[in-house]
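The chain contents come next:
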Amino acid sequence: MIIKRPDSIKASEITDETNYQNRREFLSTVSRSTLALAAGASFPVLLGSRRTDAAPALGNIQKSRYALDEEKTPIEDITRYNNFYEFSTDKEGPALLARKFKTDPWTLRIEGEVNKPATYQLEDFIKPYTLEERVYRLRCVEAWSMVIPWVGFAFADVLKKVEPTSRAKFVEFTTLYDPRQMPGQQRRVLEWPYVEGLRIDEAAHPLTILAVGLYGKLLPNQNGAPLRLVVPWKYGFKNIKSIVRIRFTEKQPGTTWNIAGPQEYGFYANVNPTVDHPRWSQARERRIGDFFKRETLMFNGYADEVAGLYSGMDLRKYY
Ligand code: MTE
């Protein structure tokens, strides 16, 4: 994430992605585990894996009232230009190196300050929730952005089910640690496992979702299969991938990028055009696929919905 400045991203790296020569190969090798998850899964209705374009389709997806009416980033860009340091620090690396990542079976633990701690198989965890398509922006701290039709469910619904105690002030999310499958974890580029956190009211906000798919299909591995967080008003690094543990805490959890570079990556990480990253401006961003940059919007354009969460807070201090 800290490696490339947006200005150093060549247009060819971005725009050529629709023309990947090995796209067919990629499409035919979408992880078997993903297919297996689909086949045995209790996701509402799975429309089968015969489609040749990428992962199995998810059915029974409701349109969300939160969806944006903006031009979506092509799926080729969303699935080819990734940040997933467990696999690679290159943007193109995760699509190749996560191909065989095994996401079935997948165990998720809910623990900490919660009345109903539990260990779930992922299908059982997901079953009670209504899947919605929510078209949200993803704005990376490196000043590029995408518009992604996520498929997921409100984290607020999870809170209702697991019942955090009155002591729970924060939610900590943890990614799988498995260096044999995730070659990036064999190097100390970050402290592993990757950890992220939210204040409990941020987690309870209706815009916060857990995603299991995008473009109507199961999440590709490189995008954080089988379960990832999406918090659309925050920088991309808060959107932790491949979650195995959700823990409720009284104290603010340590988070991976904040530990790696506290001057550069705050706990809150709200998209804020007026607070520069120490090494570059956040005032403008490049939508992947566009040539010209555009102005970055406060809270990534979600100010009406979320600004109230931070009233009275100095957002220069709590960046
Ligand atoms: N989650 C984990 N576990 N590891 C990562 O390296 N990168 C983050 C976030 N979640 C990351 C992660 C960053 S920096 C961004 S911008 C988004 O994932 C990118 O999501 P995408 O590849 O689906 O676009």
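Residues numbered from 1 in each chain as written. Predicted model: local features only at pLDDT ≥ 70, side-chain atom pairs only at ≥ 80, totals over all residues. Heavy atoms only, no water.

Right, let's get into the sheet that holds strand β11 (residues 243-249). Taken together, the five strands give an open sheet; going across it, the order is β3-β2-β11-β6-β7, and neighbouring strands pair in mixed fashion. Every interior strand has two partners, whereas the edge strands, β3 (118-121) and β7 (195-199), have only one. Ignoring which end each strand starts from, the neighbouring axes of this sheet average 15 degrees apart. Looking at chain direction, strand β6 (residues 170-175) and β7 are connected through five bridges and run antiparallel. Bridging across to β7, V171 finds its partner in L198. Packing of helix α7 (residues 155-162) onto the sheet brings it into contact with β2 (107-112), β3, β6 and β11, and relative to β11 it is tilted by some 65 degrees. (Pairing = 2+ DSSP bridges. Helix = DSSP H or I, 4+ residues; strand = E, 2+ residues; numbered from the N terminus. Axes fitted to C-alpha atoms, helices over the stretch in contact; angles between N-to-C directions. Contact = heavy atoms within 4.5 Å.)

Turning our eyes to something else, we now look at the pattern of salt bridges. For the coordinates displayed, the defined rule picks out 19 salt bridges. The partner of K160 in a salt bridge is D157, and the shortest N-O contact between them spans 3.3 Å. With K160 and D157 both in helix α7 and three residues apart, this pair spans about one turn of that helix. In this structure, the salt-bridge partner of R279 is E264, at a minimum N-O distance of 2.8 Å. (Salt bridge = Lys/Arg side-chain N within 4 Å of Asp/Glu carboxyl O.)

Time to look at the environment of I243. Inspection of the secondary structure puts I243 in strand β11. Residue class for I243 comes out buried when judged on its relative accessible area of 0%. Spatially, the C-alpha atom of I243 lies 9.1 Å from that of V195, the residues being 48 residues apart in sequence. (Buried < 20%, exposed > 50% of the residue type's maximum accessible area, 1.4 Å probe, protein only.)

It is worth spelling out α7 at this point. For α7, the set of buried residues is F155, A156, V158, L159 and V162. Across the axial projection of α7, the buried residues extend over an arc of 155 degrees, all falling on one side. In the segment just after α7, E163 is the residue with positive phi, at about 55 degrees. (Arc of directions from axis to C-beta.)

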